[in-house]
Amino acid sequence: MNEQSTREIWKAVLGELQLQLPRPTFETWLKHTDGVSYDEHQFVVEAPTSFAVAWLERRMYNAIQKTVEKVTDRPLDVVFRVRQGHEAENGSVTSSGQTLELESGQDEIQVKPQAQPPAAFNPKYTFDSFVVGPSNQLAYSAARAVADAPGKSYNPLFIYSGVGLGKTHLLHAIGHAAASRGLAVRYVTSEQFTNDFITSIGNRTTEAFRQRYRSVEVLLLDDVQFMSGKEQTHESFFHTFNDLHNSGHQVVITSDRPPKALALLQDRLRSRFEWGLLADIQPPDLETRMAILVSKAKNLGIRVGESVIELIAKRVHKNVRELEGSLNRMVAQAELMSEPITVQSASRILEELTADTERHAIDPERILEAVSNHFRVGTDSLLARGRTQKIAHARQVAMYLLINELEMTPTQVGRLLGGRDHATVIHGAGKINGEINEDTHLRRDVLSIKEAIFA
Ligand code: ADP
Ligand code: MG
């Protein structure tokens, strides 16, 4: 189908969505998307980052799919993907950097195939947008030092904290700063690292795997606690780490706990982690929480009174992600009702939010139930030994969701699913992870299960 009509369709879809959605939501997530192609089955939408893709899939799939259907008058599936040449998905290489350099006709072509371009990092996670307070000062300063002089100050830098306190934010900030200066940076979650490694064994491409990781100047490894178990993966990371460290390249690692509390980690890897600087992040104090809210409100382009800021900061103190979530919810509500946020409306929303989290707390049972409903297999057969193809497939989808949505470790998932080995879980979840981008059916299955879970 021709490009013009695709673009026009998408323009009409965006027009409709703009009317339905709160402005900040539209501006943040939809404004920078493109409709790129469609056929009789699906309509393909590109977004600038994988964050945007994940967000759109999880939160907007239904609304977008319905609107596309309405505009085109066809029952099309909607597929989101990262804009090509924009972001290296899964840490793989975008071709744009290379072709650009080739086209510029330089004699000495300096291809840095392992680098992720600045756009690979979430544009919202920068040093500028990180609010510094006593609870995160050390981690912040260390991250800055590392970004300014990789391999020179603290190597490795190991940042640890509970969830939602800014670890991923700081990693992306380092990535952004270093990539903008032309350094070869690679951000990867430990899960991606594990999957990547296992896939390379399966495909007999371990040499390419080695090259991919050992040629970077800054390696950012997020959530190392999920690299539990799997001896071979540890071994591989150990060698990667040594190579990078020996060449004076920077390694930054995050975790939900300090190295000594990482029970499943190899001892020699643990001692490597302690070579450099250990920096923890504590939950922010009231003043910092207020400063964070003020900064987030400013980024959203809205005005929120100080008494409302104080109210939210006093009620929500566990982590920054929740703080941000509460604010977003208020903004959305205010936009919908076209009225300003008052202390009354804010405190009502906070109460609803608390009730919501209690009601909607997703637990593993909820995921198992949604999977078994969707595939029409009994929940107990997911836990049992049975191995018909249908059940095995449903079980793998459950593994994938438990890891991705609940951030459970493969070992925990294995235990939950009737005492399976963590390697089985890594294999199962990895299989779904690998197939989901190509297989439209699988993708649709997973999306609709997620909708059931988060409904
Ligand atoms: P973690 O990786 O530790 O679980 P994230 O880095 O994902 O946490 O942070 C969760 C959210 O909170 C993100 O949107 C991030 O931008 C925000 N955030 C955390 N700490 C700060 C901070 N000090 N200033 C501004 N935003 C923050
Ligand atoms: Mg994180």
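Quick caveat: nothing in here was measured; it's all calculated off a predicted structure. Residue indices follow the written sequence of each chain, beginning from 1 at its first position. Numbering of ligands from 1 and lettering of chains from A proceed in the order in which they are written. Local features are withheld for residues below a pLDDT of 70 in this predicted model, meaning they are given only at 70 or higher, and side-chain atom pairs are given and counted only at 80 or more; totals for whole chains, interfaces and linings count all residues. In computing side-chain properties, one takes all heavy atoms of the structure into account and sets aside hydrogens as well as water.

A. Region of the structure containing the sheet that holds strand E8 (residues 277-280). Read across the open sheet, the five strands follow the order E5-E6-E7-E4-E8; overall the sheet is parallel. Two strands bound the open sheet, and with one partner strand each, they are strand E5 (185-189) and E8. In this sheet, neighbouring strand axes are inclined to one another by 15° on average, regardless of whether the strands run parallel or antiparallel. In what follows, a contact means two residues having at least one pair of non-hydrogen atoms within 4.5 Å. To define axes, lines are fitted to C-alpha atoms, for helices over the stretch in contact only, and angles between the resulting N-to-C directions are given on a 0 to 180 degree scale. Helix numbers and strand numbers start at the N terminus; a helix is a DSSP run of H or I with at least 4 residues, a strand a run of E with at least 2. Of the strands in this sheet, strand E4 (157-160), E5, strand E6 (218-222) and strand E7 (250-255) touch helix H6 (residues 167-180), which is tilted by about 165° from E6. One bridge is not enough; two strands pair if DSSP finds at least two bridges between them.

B. Representation of the nonpolar core within the structure. Ranked by size, the top nonpolar core spans 52 residues in total, and within it Leu170, Ile174 and Leu220 carry the most contacts. Throughout, nonpolar core names a set of buried Ala, Val, Leu, Ile, Met, Phe, Trp, Tyr and Cys residues whose side chains join them through atoms within 4.5 Å. Relative accessibility decides the category of a residue: with a 1.4 Å probe and only protein chains considered, values under 20% of the type maximum give buried, values over 50% give exposed, and everything between is partly exposed. The next biggest cluster of nonpolar side chains, apart from the first, holds 27 residues, and it includes Tyr400, Leu417, Ile436 and Leu442.

C. Fine view of the site of ligand 1. The near set for a molecule or strand comprises every residue that places at least one heavy atom within 4 Å of it. Contacts to ligand 1 come from 19 residues, most closely from Val131, Gly164, Thr168, His169 and Glu324. Here an oxygen atom of ligand 1 and a backbone polar atom of Leu165 are 3.2 Å apart. One of the side-chain N or O atoms of Glu324 is found 2.6 Å from an oxygen atom in ligand 1. Bound to the protein, ligand 1 loses 95% of the 560 Å² it would expose on its own. Polar contacts, as used here, are pairs of N or O atoms within 3.5 Å; protein pairs need one atom able to donate a hydrogen and one able to accept it. Residues neighboring in sequence count only if both atoms are side-chain atoms. We get accessible surface area from the Shrake-Rupley algorithm with a probe of 1.4 Å; when it comes to residues, only the shown protein chains can shield them.

D. Fine view of the pairing of strand E2 (residues 42-47). With six of six residues buried, E2 lies mostly within the body of the structure. Here E2 shows no split at all, with Gln42, Val44 and Glu46 on one side and Phe43, Val45 and Ala47 on the other all buried. When strand E1 (residues 34-38) meets E2, the two strands line up antiparallel, connected through four bridges. Note that in E2 the partner of Asp34 across the bridge is Glu46. After leaving E2, the chain enters helix H3 (residues 50-72) and then returns to the sheet as strand E3 (residues 77-82), a path that is right-handed. We call a crossover right-handed when, viewed with the strands running away from us, the connection from the first strand over the helix to the second turns clockwise.

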